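# Topology and contacts: notes
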Amino acid sequence: MTRTSTVLTVAGVTLISGVLAYAVYFDYKRRNDATFRKKLRKEKKKVDKHLARSQGDASASLSPQELRQALEKVRSEDMPVSSEQREQFFMTQVGMGEQLCTQGPAFHLPAALCFYRALRVYPSPVELIVIYQKTVPEPVFKIVMDLMNMDVKERVEGYYSTFPPKDMNVKVTQRDIGEGKRKILAAAKDFKAGDVIYKEQPVVAALDLDLEGKGTHCSHCLRQIQKGMAIPAEDDRLGAVYCSKDCQVKSKVQYQNILFGSEPLLPPELAPDMTNHEERKKAQEAFVEYLRNRGKAVPLLVSKFLARQIAHETAKMVPGTSPLAAEPVTDGDYTLYDHIERLRYLETTIPEEEVGLVSEVLKNALPGIESFSSDERQAILAGKMAYNAIGVCPGGGRDDKPAPTDRPEDQERARTPYGTSRQIGCGLYAVSSYINHSCDPNARPSFGSGTAELTLIANRDIKEGEEITIAYVDVSQHPGETPVEARRRRRIELARGWRFACTCPKCMSEGAMEANERDSDVPDQKDESKVEAVVQRLEGS
Ligand SMILES: C[S@@+](CC[C@H](N)C(=O)[O-])C[C@H]1O[C@@H](n2cnc3c(N)ncnc32)[C@H](O)[C@@H]1O
């Protein structure tokens, strides 16, 4: 068997037999996540070393400029769109690559470019790399790996040059904080007090559990619904209702059907219906019961995020899927995973029961997908939601939220200057996740449309380049509270919720004035774990 037929036969099994949607999730993840990138670098080193031991080769001495030029050329080419076109393109490129390989070292680069083009359209790049490794001559394989590394690296490093989108008037930069750097959101132009800095839709949002299923608020955009106007979900174990057809459809295709509905996820021609409907219903009912008993938003946010990612990836592969399912968070090439990957998170563990319930729901919707929701992945996502979610408080929020029964340190908090006790729900926002806290913030989140759409408003004039801050907690001085008590209250809340000791200018200057108190209640910023100990001590005092 020739090399060509080896590549085509092995690869063709997946291509021709129709790609099962979930294969892509794992490859996509690996292509984008840190572990995969590490693996790539290791592979590259191995090949480099081996080539260095063998005789010098023309292709081994390609300069980074030559490589970049070649990569840019491939990137500028149009990609085939339909699955048939992609399949045809793949076959042609692999065939040409194989032929060019036989023409000698001078043709190694063009050969590698053909293999690289084929790799770009292949749904399971990791699998294909393994195949290439076994079938493509080593110097050519090395160039393919170099191209892949450069592409992935530039994609990763180029993120903040296109995100946030220019029309949001902000940028993510870094600020030196002595013992390291902290990411900040900075103004990209001057703003006047009262200006709208930007508006942002959530990546995912969830109603507080006491409102979910009550029929009073839209489960998708969180808008309050007038009595009698709620549109019930067609088929939903959580009892979701919507304010409009638009919200109903978006919710269904982005996550609701996967988590709480009963329609098959893939069309029968792509995959026979693999679900056991009774089991799927049972798994969803168990998850809903858990959500209701736990009463916390984070598991719902995590499961909605996972489902949205699955819907998003599936939509890319399945012709005829609603474009709403693949609706990007921002324009551009970056996906949900790119956005969430860069966010900081709180180290957390989640109950084994919760991991199992979410996995069961996903597995019963699309068998095989459960390995996408490992306990580690769910814990990281939960930590990201807990760290970054913002409380949704239209009109300043509500005052009928049931008082929490958990111990103060176990209560769920979302970042909001109005106080978590006033929110109707919370959301994860790709851009607003980067806003740091200040006890004297220069901006505030507002929900003027009555939905989870966040409008960031300037509290005072802000100069281009200045850091934008919001208050994560209620930083006002309450009636009857001294400034010292107010400072202590907000700092305890910050430490309990997000485990950091606030270093905003207001805390620093007040702290300097209250030097004695600072010694006892402001822990060393280097060791955030000490904050918890301080909080415990303060609680007892
Ligand atoms: C949601 S993230 C904000 C973006 C973050 N600075 C980053 O580098 O990605 C929140 C985290 O930033 C840090 N942070 C935000 N405001 C702070 C403040 N006023 N003082 C100290 N740390 C702060 C804390 O570690 C906090 O948990």
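Scroll up a little and you will see the structure.
Structural notes, computed from the coordinates. Every chain is numbered on its own, with residues counted from 1 as its sequence reads. The predicted nature of this model means local features are confined to residues of pLDDT at least 70 and side-chain atom pairs, given and counted, to a pLDDT of 80 or more, with totals for whole chains, interfaces and linings taken over all residues.

### Things to note about the overall build of the protein
Stated precisely, the cut-off is as follows: Secondary structure counts use DSSP, requiring at least four H or I residues in a row for a helix and at least two E residues in a row for a strand, with both numbered from the N terminus. Residues are called buried when their C-beta atom has 20 or more other C-beta atoms within 10 Å, exposed when it has 12 or fewer, and partly exposed otherwise; all C-beta atoms are positioned from the backbone. Here, residue contact means that the backbone-derived C-beta atoms of the two residues sit within 7 Å.
Across its full length, the protein holds 19 helices and twelve strands. Residue burial in the protein is summarised as follows: out of 541 residues, 39% are buried. Within the protein, contacts between residues separated by at least 24 positions form 73% of all contacts whose residues are at least 6 apart in sequence.

### Remarks on the site of the ligand
To be explicit about the condition: Only the C-beta atom, placed from the backbone, is used; a residue is near a molecule or strand if that atom lies within 6 Å of it. Ten residues, namely Ala, Val, Leu, Ile, Met, Phe, Trp, Tyr, Cys and Pro, are considered nonpolar, four, namely Asp, Glu, Lys and Arg, are considered charged, and the remaining ones, Gly among them, are considered polar.
Near the ligand there are 15 residues, and of these K183, N436, H437, F500 and T503 occur at the shortest range. If you list the elements that add at least two residues to the shell around the ligand, you get β2 (181-187), α15 (375-388) and β9 (436-437). Tallied by class, residues from the shell around the ligand come to six nonpolar, six polar and three charged.

### Regarding the sheet that holds strand β3 (residues 196-200)
Spelled out, the test is: By definition, two strands form a pair when at least two bridges between them are found by DSSP. Angles run from 0 to 180 degrees between N-to-C directions of axes, and those axes are lines fitted to C-alpha atoms, restricted for helices to the stretch in contact.
Pairing is antiparallel in the open sheet, where three strands are placed in the order β3-β11-β10. Of all the strands in the sheet, just β3 and β10 (443-446) have a single pairing partner and so form its edges. In this sheet, adjacent strand axes meet at a mean angle of 20° when their direction is disregarded. Examined bridge by bridge, β10 and strand β11 (residues 454-458) share four bridges and lie antiparallel to one another. Bridged to A443 within β11 is A458.

### Overview of the sheet that holds strand β7 (residues 390-392)
An order of β4-β8-β7 is seen for the three strands of this open sheet, with the pairing classed as antiparallel. The open sheet is flanked by β4 (204-207) and β7, the only strands paired with a single partner. Here the strands of the sheet are splayed against their neighbours by 25° on average, with no regard to which way each runs. Bridge count for β4 against strand β8 (residues 425-428) is four bridges, and the pairing is antiparallel. In the sheet register, A206 faces β8, and the bridge partner there is C426.

### Here we look at the packing of helix α4 (residues 64-76) against helix α8 (residues 138-157)
The condition that has to hold: Orientation is classified from the angle alone, with under 35 degrees giving roughly parallel, over 145 giving roughly antiparallel, 65 to 115 giving roughly perpendicular, and any other angle giving oblique.
The interhelical angle for the contact between α4 and α8, taken along N-to-C directions, is 75°, at an axis separation of 10 Å. Judged by the angle between their axes, α4 and α8 are roughly perpendicular. Between α4 and α8, the residues in contact are L67, R68, A70 and L71 and D146, L147, M150 and D151, respectively. Looking at side-chain class alone, the contact of α4 with α8 contains five nonpolar, no polar and three charged residues.

### Focus on the environment of Q423
Note on placement: Q423 falls in the loop between β7 and β8. Accessibility expressed as a C-beta count within 10 Å gives 27 for Q423, which makes it buried. Sequence-wise, Q423 and R413 are ten residues apart; in three dimensions their C-alpha atoms are separated by 9.9 Å.

### What about the environment of R460?
Among the secondary structure elements, R460 is positioned in the loop between β11 and β12 (469-470). Considered as a pair, R460 and C218 are 242 residues apart in the sequence and their alpha carbons are 33 Å apart. Aside from chain neighbours lying at most four places away, what touches R460 is A193 and N442.

### Digging into the nonpolar core
In globular proteins that are soluble, nonpolar side chains generally tend to be buried together. Here is the rule we go by: Put simply, a nonpolar core is a cluster of buried Ala, Val, Leu, Ile, Met, Phe, Trp, Tyr and Cys residues tied together by C-beta atoms within 7 Å. All the domain ranges listed were derived from an automatic or database domain assignment.
Of all hydrophobic cores here, the largest spans 92 residues; its most connected members are L301 and M385. Both domains that furnish three or more residues to this core are identified here as domain 2 (209-387) and domain 3 (477-541). Discounting residues that sit within four places of it in the chain, L301 has contacts with V204, A206, M385, A389 and L428. Among the nonpolar cores identified, the runner-up in size contains 28 residues, and L109, L128, V140 and V144 belong to it.

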